[in-house]
Amino acid sequence: MTGTLDTASPSAPAAAPRSLTPSRQRMRAALRWGLLGLGLIIVAQYVADAPGIAASSTWGSALRLTVPIAVVAIGGLYSERAGIINVGLEGMMIGGTWVAGLFGWWWGPWAALGGGIVGGLIFGLLMAVLCIEMGLNQLVVGVAINVIAAALARFMADIVFNGVDGGTIARSPRIDGSLPNLSVPFLSGGLGTPDLTRTMEASGIPVVSQIGGIVGGLTHDVSLAAIIGLLLIPATAYVLWRTRFGLRWRAAGEQPAALQALGGKVHRTRYIALLVGSGLAGFAGGYLALISQAYVENQTAGRGFIGLATLIFGNWMPSGVFLGSSLFGFSDAVGLGRPETFRALLFILAVIFIVLGLLRVYRGARKAGIAPLALGVVLLVVFLFVPLPSALATAAPYLVTLAVLVVAGTTMRPPAALGQLFPRKNSRG
Amino acid sequence: MEQDVLVRLTGIVKRFGAFVANDRIDLTVKAGTVHAIVGENGAGKSTLMKILAGEEHPDEGTIEIAGTPRSFRSPRDAQQAGIGIVHQHFLLADALRVWENVVLADEPGSAFRLDSKAARSRVASLAEQNDFLVDVNAVVRDLGVGGRQRVEILKVLYRDARIIILDEPTAVLVPSEAQSLFAAMRRFTEAGAAVIFISHKLDEVLDFADEITVIRAGAVVGRTTPADSSASDLAALMVKVAMPTVAPREVPVGDDVVLEAKGVTVGEAGEVPALDDVSLAVHSGEIVGIAGVEGNGQSELLMALLGRARHTGTIAMGGRDISALPTETRRARGMAYIPEDRHRDGVVLSMALRENAALGYHARPPVKRGPWFSRSGAAGVARSIISRFDVRGGDVSTPASALSGGNQQKFIVGRELGSDPRVLIAAHPTRGVDIGAQSAVWSELTAARDKGLGTLLVSADLDELLALSDRLLVFYRGRIVAELDPRAVDAQELGEYMTGVRTRTGGVA
Amino acid sequence: MIRRIAVTLAGPVVSVLLALLVTTLFLTFSGYSAASAYEVMWNYGIEPASLVSALNNAVPLYLAGVAAAFALRMGLFNIGVDGQYRVAALAGAVVAANLPLPLYLRLPITLLVCCLVGALWALVPALLKVYRGVSEVITSILMNAIATTVVAILLADVFRDGGGQNTGTAIIGADGAMPVLIDLGIGNRTSISGFLVLAIVVGVLFYLLQYRTVFGFTLQVAARSPEAAESAGIGVNRRIIWAMLGSGAIAGLVGLPHVLGTAFRFDGTLPTDLMFTGLAAALLGRSHPIGIAVGAFILAFVERSSQVLGLVKLPTEVGSVFMAVILLSSAIGYWLTERADQRIALWNALRRRRRTDAATTGLETAR
Amino acid sequence: STSSTASSDGPTIAMLYGTTGDFSFMDSAYEGFTAAQAEFDFTPLDLSSPNTDDYQDRLDLALSQNAGLAIGIGFQWATPMEQTTDHPDTAFVAVDIDKGTVIPDVTTISFAAEQSSYLVGVAAALASTTGHVGFIGGVDQPSIQNFFVGYEAGAKSVDPDIVVDSTYLAPLGDFTGFSDPTKGKEAAASMYAGGADVIYAAAGGSGQGVYEQAAASSTDAQKNWAIGVDGDVYSQVDDSIKPFILTSAIKNVNVAVEDSIAAYLDGTLEPGEQAFDLSNDGVGYATSGGFLDAYADQLEQAKQDIIDGTVTVPSAV
Ligand SMILES: Nc1ncnc2c1ncn2[C@@H]1O[C@H](COP(=O)(O)OP(=O)(O)OP(=O)(O)O)[C@@H](O)[C@H]1O
Ligand SMILES: Nc1ncnc2c1ncn2[C@@H]1O[C@H](COP(=O)(O)OP(=O)(O)OP(=O)(O)O)[C@@H](O)[C@H]1O
Ligand SMILES: [Mg+2]
Ligand SMILES: [Mg+2]
């Protein structure tokens, strides 16, 4: 009798042995790709005559531009993993910049970060009450929060900031001081040690100087706020996959009824997730305010939306969010640099796409290979022969993200209950 | 036999608005017994069970568990009292792993760390103790129905339930799976638990239950034991109709092939195909039954025939190749389809019956008038389905979600047969349907057959297959492994073919 | 039916009342006099010129709302209306200014080109959604940013016709611009633009297509249950593409009232917030053509009347706070009205059920 | 006076503008308007709006409120003012209009921003030790390009071989470029790292990031400078940043507004073009901090050359 049970699903994959091998394999693959990427960057630098592509300034910029997007996307991940679509990230971020400006003005940089969280929480709480408690349409509430946050920020700035101490309707008084910048000892001159990477970068020796530039950019003078922001990604991954709350959190976004039937508190879980997420979105705003040492009106510049896009791009995974936001931050940094740096990026993309396309064709997935191959060839032709309008560089992050989406092979899998209302009283059927 | 009374419900009343779903129900379940509850669709069985499981609150009446009166404010309360329920529709998070679904909300570990090792080993050992072959690390999405059900039961066992409620557990299982479920149920009762199970399959109720309670229109109309009653007694108590039977056929099978598949294969390149080089033919006026354990290629065959799955090989209707045609055209040419999962494929739950009646028939009159959608036309269709197939629980403007499962099924069958199709692809047409409705569906199928409809019937219910089919094809691992004459084979033998114990092709034409 | 209309209308009304309440609280809290603000806004708002202006300004909001609603009804969130209308408006401005044809040919061609360009811009998210499973939200956001750059490059390097600080395209003459529909002549600037007709046509088409045709029905099915749709022979992917194309085509018209009726060129004065305000109108109006019209008019009215806030020394931001609160309270307003509506529906259903129950028991005893 | 009735004795003067908070000429214009209110007796009418499609409406509103003077801030006011032909009791002033624009019965005020940019370009080239300077524009539009054109010409007049980098934070039409200090900071970081040691920021609120970065990227070996725009940035930034603000190119929009009001109240306001340039101190450069003391002679000489017409500064508008 028991033998027949086995046949329930012959097509189901065999039980995968769970050991460390897959992750070690993954590490090895990551290393391989990393090395290939490095090689490509070095080649691109010479081909495009663009020292900027491996310069520490570019990589430092990339890091700093990545942080706010990564953090706001992680904020979105909290609420969306719990099943609540968060279109209001931009508004929460705006709230974060505003309160960060206020707190930072009163109490300094640490308070600014805290204020960012508070600012995000204000709108998170509003969204929680409207979406979880009252069950209103999450898209509507999200859009409304964006509009309301922008309007309120200005209205309140007029009352609170205008006319005091360097403040205007569009700016808070200055946040005095900033969080310390850290460097890695012996690598990038932390703690007064010699700055190895800078020496390497300045040496001009091929490979050595590029590695020096890249590593130096990523490790030199990194703001504590940026470090905290980046650490939020692994921390979130830990909470998501390895804690009891994480399991309930995922269940609330996948099948809330199942959680509820087992006695889990769906609403409480969603509240916590949404509030934490809004706090993080606000944190991202606080980070921006710290960079400019003040709240500046509209300084979020649509990063909340980019964060939302990054979240989807990253397939609602912390690792994906990291990947997406770094891609975006890096292209943004490149776009702000000199035109030839942007061309070097084109070259890198062209090569990656062509190789990817050829690999796919070689492995027999001819159809899947066409898109990257074609795109790669187009990019290569553009790189070689077409003079580009300088304005194009400002769109670099968007174009790169779009191109990656076009060639990516994976399909997105949003949390199954994303956007589903879950009434207070359970009445199934 | 001196047995403890584990559950005692007295005078349970549950109203939904003015509608009384449970009307002063008394129920007593003893430890170590299997207690079956039977009744027609909408009789109030599930509602009663939800009350016992703390998911609904009774308007009147008392619940006593092991002698102590209880009042459950939440499912959690009921779980703590030792009650576990496996729902008619599973409640599993598809994207989570088996062990995650099981331990959810009751995880081992501390606030800062989920002890996944302990959780996994505990779930695995529970599964082992009960002879459940499930991979605790598998993602639930990849499991078949039987596997999912085992996960649901594991959830109950994990919480040390002494009272286990199974709402129509066998409706979706093939016989062998059902057998092992019953074996597991026995083990639970031997360990001192009580099992309450709901079923529309009276023979299994008679075989496995110790006590039977019959409910009709929300009230208990009979209490009996298998020893004291027969299937027809139960049926009579339930709905006052006879057991469904199929009259011997009078019209012979036609000569023309209405549906033909040649060398149809479905599967991703580089993987073992889910459906492997299958050829079959359905004649007019013929019902061809497909038997097989779920997951052996039947779903893929249905999807390929319907035009929803990419496949190689050819499919022809009435001699014309339709392989390249989209679903829409296939349906327009007279292909009807009763889907496997009515909630997913059969109806749009949030739409009214009027709109649901148009589903699949939206491209032809009376629903389509020029480019316009005729609401009155659709309403007319819906009304005729409701009256002809005795669909109860609403009118044309009632949303499909308001109907009980059985009535939804009747509505779908009615819609698909009502359009005078040439070919019917029917999957589990009576799944979850009470025997009254089952009779109705069967007679509609045979009547359509006699008028020349060619039917491909996939069912997990072997009695249904044996009763209705003119020929039986057995699927195993994506292939047809046997072609049998239903009159010359019994359920036992059929089961052996289905599980790959016996293999033979050819057989009776 | 009457109940449906009542609910559709009650939503915006309750929303506005709620918004008034919240804004009043805000103003009072901040030390302003809400009453005088509303009074001066109302008095200015109901001047004939203001009403006409609100009507004319409601048109682009309405078009944007309908564009968003077209996709929303299929369960798609076309946040790309923004990019679609900006790219299309540029194309429209160029065509309207340069096409050597008489107005009766030039105007329809301009409209058509705008629809085409808008649809084309929406095609990218649609194709990526269908073939790559990428959410339309992310691609639309990207396409909006890319639209900004594309428009900037085309405008600066190709179509620029203005000197000095002006970066606009060539001026559109009378034989390319939208004629005035009717000059009411009851004061300064009281002529209604011909775009009102376009809005009505679009609204009627939207209604017929979405609510009355088989195509609209299939969109609904595909939106609510893709699986059931596929089984019924409704290709979901095709519906996604059509819904996005339709939405994009309507979005393509959004910038035209400004280009062909206000600025007579494409330049930096093209409003950039039409999508969000239009989306607000769509949400206020629950994606129903009449509801959107009411919503768009309310928003345009508030926008126009808040111009006078300077007269009472109130910050202009009050207007935007008010609009934002309207949007939020629209959700709450609907929540309230819908609950009331559900009560009524439940009550009706119960009555009906009692009747049918009585009927079936009667039948059974007859048997 | 905070209520509209308090000073109703004077004539009504309307200011029509976008929104304040652009750290640029809107703020400056508003400053002029407030200063005039303190100084003169009139009824102010503050008609601000973020919308770009209601210029005509607001002009009508000003007329209907019997404004004696309507001041429009921004070149977009040229068209509605030109089209409003019947305004016998109202004087119109349009501020920041292209040079050479003549509108009947309207006073148009233009600013020679390229001239002040030329002078700060001269200062940049003189202060640069690397022979490499930079320019960061907020939005790639003609009014901002105009700053660059003048700046480049000024720098090259000192050192024909000087390298002048330029970056715009956002393309034409995307005004986030004026309010994104984060991007301003990163663009500056990249530019300083690329070898420029003086950066002229014509980027509204984003400029703050450039100023911060000038300080952040300066080392003992290499001092980096930033040049501000519109107002005197030295007086606006924090003390820790002040040592890095070389100078600012000044555009006296506030003076234009204040003067127009004064002239109107005096009855001396004449329709026609008024050019604000170096010759009448309508534009200029700041000397706060004293960093330019060493180059004062060269700068004054360059200024005089422009005023005399011996040097003609190119313009992008
Ligand atoms: N990328 C992922 N996608 C979905 N679920 C994941 C993912 N990564 C981790 N999980 C979930 O988190 C749980 C723990 O993951 P992980 O693979 O890290 O387990 P582990 O404790 O390392 O296992 P072992 O000790 O057996 O190696 C998994 O059971 C899985 O459900
Ligand atoms: N939440 C609810 N609101 C209103 N009516 C309900 C609700 N739940 C159940 N009902 C009604 O109560 C009746 C009993 O439903 P129940 O699900 O208990 O039937 P059942 O006996 O389990 O039927 P089946 O055999 O089809 O599963 C049905 O008529 C159903 O429509
Ligand atoms: Mg039931
Ligand atoms: Mg049932």
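Counting of residues starts from 1 at the beginning of each chain's written sequence and follows it residue by residue. Working convention: letters from A go to chains and numbers from 1 go to ligands, in the order in which they are written. pLDDT decides what is reported in this predicted model: residues at 70 or higher carry local features, side-chain atom pairs at 80 or more are listed and counted, and totals for whole chains, interfaces and linings draw on all residues regardless. In computing side-chain values, all of the structure's heavy atoms are included and hydrogens and water are not.

Some thoughts on the site of ligand 2
Residues and elements named next belong to chain B.
Argument step 1. Nearness of a residue to a molecule or strand requires only that one of the residue's heavy atoms be within 4 Å of it. Every one of the 18 residues lining ligand 2 counts as a neighbour, but N41, G42, K45, S46 and T47 are closest to it.
Argument step 2. Interatomic distance of 3.3 Å between a side-chain N/O atom of E168 and an oxygen atom of ligand 2.
Argument step 3. In short, Shrake-Rupley with a 1.4 Å probe defines the accessible areas, and a residue's cover is counted only from the protein chains shown. In isolation ligand 2 has 640 Å² of accessible area, and contact with the protein removes 80% of it.
Argument step 4. A run of H or I in DSSP becomes a helix once it reaches four residues, and a run of E becomes a strand once it reaches two; helices and strands are each numbered from the N terminus. Of all elements in the fold, only β2 (19-30) and α1 (45-52) reach the threshold of two or more residues within the shell around ligand 2.
Argument step 5. With three residues, α1 is the single largest residue contributor to the shell around ligand 2. Any N or O atom pair separated by 3.5 Å or less is treated as a polar contact, with the protein-specific requirement of one donor-capable and one acceptor-capable atom, and with residues adjacent in sequence counted only for side-chain atom pairs.

So, the nonpolar core
Argument step 1. The definition of a nonpolar core used throughout is a set of buried Ala, Val, Leu, Ile, Met, Phe, Trp, Tyr and Cys residues joined through side-chain atoms within 4.5 Å. Note on exposure labels: buried denotes an accessible area under 20% of the residue type's maximum, exposed denotes more than 50%, and partly exposed covers the range between, all computed with a 1.4 Å probe on protein chains only. By size, the foremost hydrophobic cluster in this structure holds 259 residues, and its most contacted members are V259, L260, F266 and I326 of chain C.
Argument step 2. Throughout, a contact is declared for two residues whenever any of their heavy atoms are within 4.5 Å. Leave out the neighbours within four places in its chain, and L260 of chain C touches A96, L107, T110, I172, G176, A177, M178 and F195 of chain C.
Argument step 3. Among the nonpolar cores identified, the runner-up in size contains 66 residues, and A251 and L259 of chain A together with A127 and A184 of chain B belong to it.

Overview of the confidence of the model for chain A
All names here are of chain A.
Argument step 1. Within a predicted model, pLDDT stands for the predictor's per-residue confidence, ranging from 0 to 100. Mean pLDDT over chain A works out to 85, with 93% of the residues at or above the 70 mark.
Argument step 2. Per-element confidence in chain A ranges from a low mean pLDDT of 35 for helix α1 (residues 2-5) to a high of 95 for helix α4 (residues 89-107).
Argument step 3. Across residues 1-20 the pLDDT falls below 50, and counting only partners more than four positions away or on other chains, this stretch makes 32 contacts in the model.

Brief notes about empty space enclosed by the protein
Argument step 1. Cavity means a closed set of points on a 1 Å grid over the protein atoms alone, one where a 1.4 Å probe fits but cannot get out, pocket means an open set with protein on both sides within 12 Å along at least 5 of 7 lines, and lining means a residue has an atom within 4 Å of a point. Grid points are joined across faces, edges and corners, and a volume is the space filled by probe spheres set on the points. One pass over the full model with this rule turns up ten cavities of 30 Å³ or more.
Argument step 2. Taken as a whole, the largest cavity encloses approximately 180 Å³ of empty space.
Argument step 3. In terms of lining residues, the largest cavity is bounded by 16 residues, among which A261 and L262 of chain A together with Q79, G84 and I85 of chain B are the most central.
Argument step 4. Taken as a whole, the second largest cavity encloses approximately 130 Å³ of empty space.

Let's talk about the pattern of salt bridges
Residue and element names in this part refer to chain B.
Argument step 1. The salt bridge definition used is simple: a Lys or Arg side-chain nitrogen within 4 Å of an Asp or Glu carboxyl oxygen. All told, the structure shown has 46 salt bridges over all chains when counted by the stated rule.
Argument step 2. With a closest N to O distance of 3.2 Å, D94 and R148 form a salt bridge. With a gap of 54 residues between them, D94 in the loop between β6 (83-86) and α3 (98-103) and R148 in helix α5 (residues 145-158) connect regions that are remote in the sequence.
Argument step 3. We classify D94 as partly exposed; its relative accessible area is 32%.
Argument step 4. Accessibility expressed as a relative area gives 18% for R148, which makes it buried.

Some points on the interface of chain C and chain B
Many descriptions give the size of an interface as the accessible area lost when the pieces come together.
Argument step 1. Between chain C and chain B, the contact holds 25 residues from the first and 29 residues from the second.
Argument step 2. Note on chain C versus chain B: buried area summed over both sides is about 2,300 Å², and carbon and sulfur give 59% of it.
Argument step 3. Once two parts are put together, the accessible area they lose, assessed with a 1.4 Å probe and summed over both, is termed the buried area. Three residues, V214, F217 and S231 of chain C, lead the burial of chain C against chain B; their summed loss comes to 26% of the area buried on that side.
Argument step 4. Among the ionic pairs, E227 of chain C bridges to R308 of chain B, the shortest N-O distance being 2.8 Å.
Argument step 5. There are nine residue pairs in polar contact (both at pLDDT 80 or more) connecting chain C and chain B.
Argument step 6. Every element with two or more residues in the side of chain C that touches chain B is listed here: α7 (195-212), α8 (214-224), α9 (226-231), α10 (236-251) and α14 (317-366) of chain C.
Argument step 7. All amino acids are sorted into three groups, where Ala, Val, Leu, Ile, Met, Phe, Trp, Tyr, Cys and Pro are nonpolar, Asp, Glu, Lys and Arg are charged, and the leftover types, Gly among them, are polar. A per-class count over the side of chain C that touches chain B returns eight nonpolar, six polar and eleven charged.

A word on the pairing of strand β12 (residues 219-224) of chain B
Argument step 1. Sheet topology note: the strand β11 (residues 211-216) of chain B/β12 of chain B ladder contains five bridges and is antiparallel. Opposite I212 of chain B, over in β12 of chain B, you have T224 of chain B as the bridge partner. Two strands make a pair as long as DSSP finds a minimum of two bridges between them.

Some thoughts on unusual backbone geometry
Argument step 1. In the segment running from P365 of chain B into P366 of chain B, the intervening peptide bond is cis, with an omega of 0 degrees.
Argument step 2. Even without a glycine there, the phi angle at R477 of chain B is positive, about 50 degrees.

Some remarks on the packing of aromatic side chains
Aromatic rings in a pair are described by how distant their centres are and how their planes are angled relative to each other.
Argument step 1. When two rings of Phe, Tyr or Trp (its six-membered ring) have centres within 6.5 Å they constitute a pair, described as stacked for plane angles under 30 degrees, edge-to-face for angles over 60, and tilted for the intermediate range. A full pass over the atoms with the stated rule returns 35 aromatic pairs over all chains.
Argument step 2. The structure contains a cluster of three or more aromatic residues connected by ring pairs, namely W98, F103, W105, W106, W107, F161 and Y295 of chain A.
Argument step 3. Positioned over the ring face of Y158 of chain B is R122 of chain B, at 4.3 Å from the centre of the ring.
Argument step 4. Look at NZ for Lys and CZ for Arg. If either is within 6 Å of the ring centre and within 35 degrees of the ring normal, a charge sits over the ring. In this structure, K223 of chain D packs its charged tip against the face of F291 of chain D, placed 5.6 Å from the ring centre.

Let's talk about the sheet that holds strand β6 (residues 132-139) of chain D
Residues and elements named next belong to chain D.
Argument step 1. The sheet built from six strands is open, its strands ordered β7-β6-β8-β9-β10-β12 with mixed pairing. With one partner strand each, in any of the chains shown, β7 (163-170) and β12 (283-285) form the two edges of the open sheet. Adjacent strand axes in the sheet meet at a mean angle of 15 degrees, parallel and antiparallel pairs treated alike.
Argument step 2. Sheet analysis places β6 next to β7, joined by seven bridges and oriented parallel. Among the inter-strand pairings, V139 is bridged to a residue of β7, identified as A170.
Argument step 3. Axis definition: a line fitted to C-alpha atoms, limited for helices to the stretch in contact. Angles are taken between N-to-C directions and run from 0 to 180 degrees. Set on the sheet, helix α7 (residues 207-216) makes contact with β6, β8 (198-202), β9 (225-230) and β10 (245-251); between it and β9 the angle comes to about 155 degrees.

Concerning the environment of P75 of chain B
Argument step 1. On the secondary structure map, P75 of chain B appears in helix α2 (residues 75-80).
Argument step 2. Take P75 of chain B: its relative accessible area is 13%, and that puts it in the buried class.
Argument step 3. Along the chain, P75 of chain B and L9 of chain B lie 66 residues apart, while their C-alpha atoms are 17 Å from each other.
Argument step 4. Apart from residues lying up to four places away in sequence, P75 of chain B is in contact with Q260 and A261 of chain A together with A53, G54 and E55 of chain B.

Concerning the sheet that holds strand β4 (residues 60-65) of chain B
Residues and elements named next belong to chain B.
Argument step 1. The antiparallel open sheet is built from four strands, whose spatial order is β2-β1-β4-β5. Edge positions in the sheet fall to β2 and β5 (68-70), since each has one partner strand and no second. Adjacent strand axes in the sheet meet at a mean angle of 25 degrees when their direction is disregarded.
Argument step 2. Pairing between strand β1 (residues 5-16) and β4: five bridges, direction antiparallel. From the neighbouring strand, V13 faces β4, where its bridge partner is E60.
Argument step 3. Contacts from α1 reach β1, β2 and β4, with the element oriented near 120 degrees to β1.

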